[in-house]
Amino acid sequence: MTLNRCAIDWQDASDLPSYCGMCPFWYGGGDSYVPGISSHSTAGICNLRCMNKDRYADTPQACLRLFRKCLKYPADTELVVVLKD
């Protein structure tokens, strides 16, 4: 399945990310530092929600709800998430 052009291979709810660093939409950028996040080594950006996130932050409930909905679709489905302003 692809979600926003990112291939994901989750089979069931146990495969869902338990923290932001496990999510395919989290980008750490190596040595990049994002102000307001705990340290240089755990700083990152969530490309799905367009916000600064710590690698070890718990996965937000909104993301988990979205990911659980994705599991209901067939494996060859292409899904696109559109965020409202």
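Cut-offs applied
- Per chain, residue numbering runs from 1 following the sequence as it is written.
- pLDDT decides what is reported in this predicted model: residues at 70 or higher carry local features, side-chain atom pairs at 80 or more are listed and counted, and totals for whole chains, interfaces and linings draw on all residues regardless.
- Each side-chain value is derived from all of the structure's non-hydrogen atoms; neither hydrogens nor water enter the calculation.
- Cavity means a closed set of points on a 1 Å grid over the protein atoms alone, one where a 1.4 Å probe fits but cannot get out, pocket means an open set with protein on both sides within 12 Å along at least 5 of 7 lines, and lining means a residue has an atom within 4 Å of a point.
- Grid points are joined across faces, edges and corners, and a volume is the space filled by probe spheres set on the points.
- Classification convention: Asp, Glu, Lys, Arg as charged; Ala, Val, Leu, Ile, Met, Phe, Trp, Tyr, Cys, Pro as nonpolar; all other residues, Gly among them, as polar.
- pLDDT measures how confident the predictor is about each residue, on a scale from 0 to 100.
- Each helix corresponds to a stretch of at least 4 residues labelled H or I by DSSP, and each strand to a stretch of at least 2 residues labelled E; elements are numbered beginning at the N terminus.
- Strand pairing is assigned whenever DSSP detects at least two bridges linking the two strands.

**Brief notes about the layout of surface pockets**
Consideration 1: Considered as a void within the structure, the largest pocket measures approximately 160 Å³ in volume.
Consideration 2: Around the largest pocket, the lining residues are Leu48, Arg49, Ala62, Cys63, Arg65, Leu66, Lys69, Val81 and Leu83.
Consideration 3: For the lining of the largest pocket, the per-class residue count stands at six nonpolar, no polar and three charged.

**Notes on the confidence of the model for the chain**
Consideration 1: Per-residue pLDDT for the chain has a mean of 80; in total, 82% of the residues score no lower than 70.
Consideration 2: When mean pLDDT is taken per element in the chain, helix H1 (residues 61-70) scores highest with 89 and strand S2 (residues 6-7) scores lowest with 78.

**Describing the sheet that holds S2**
Consideration 1: Here three strands make up an open sheet; going across it, the order is S2-S1-S6 and the pairing mixed. Strand pairing shows two members of the sheet lacking a second neighbour, S2 and strand S6 (78-79), which therefore form its edges.
Consideration 2: Across two bridges, strand S1 (residues 2-3) lies against S6 in parallel orientation. Across the sheet, Thr2 pairs through a bridge with Glu78, a residue of S6.

**So, empty space enclosed by the protein**
Consideration 1: Applying the stated criterion across every chain yields a total of one cavity of 30 Å³ or more.
Consideration 2: The calculated volume of the largest cavity comes to roughly 70 Å³.
Consideration 3: Lining the largest cavity are Cys20, Cys23, Phe25, Trp26, Cys46, Arg49, Met51, Lys53, Thr59, Pro60, Cys63 and Phe67.
Consideration 4: Elements represented by at least two residues in the lining of the largest cavity include exactly strand S5 (51-54) and H1.

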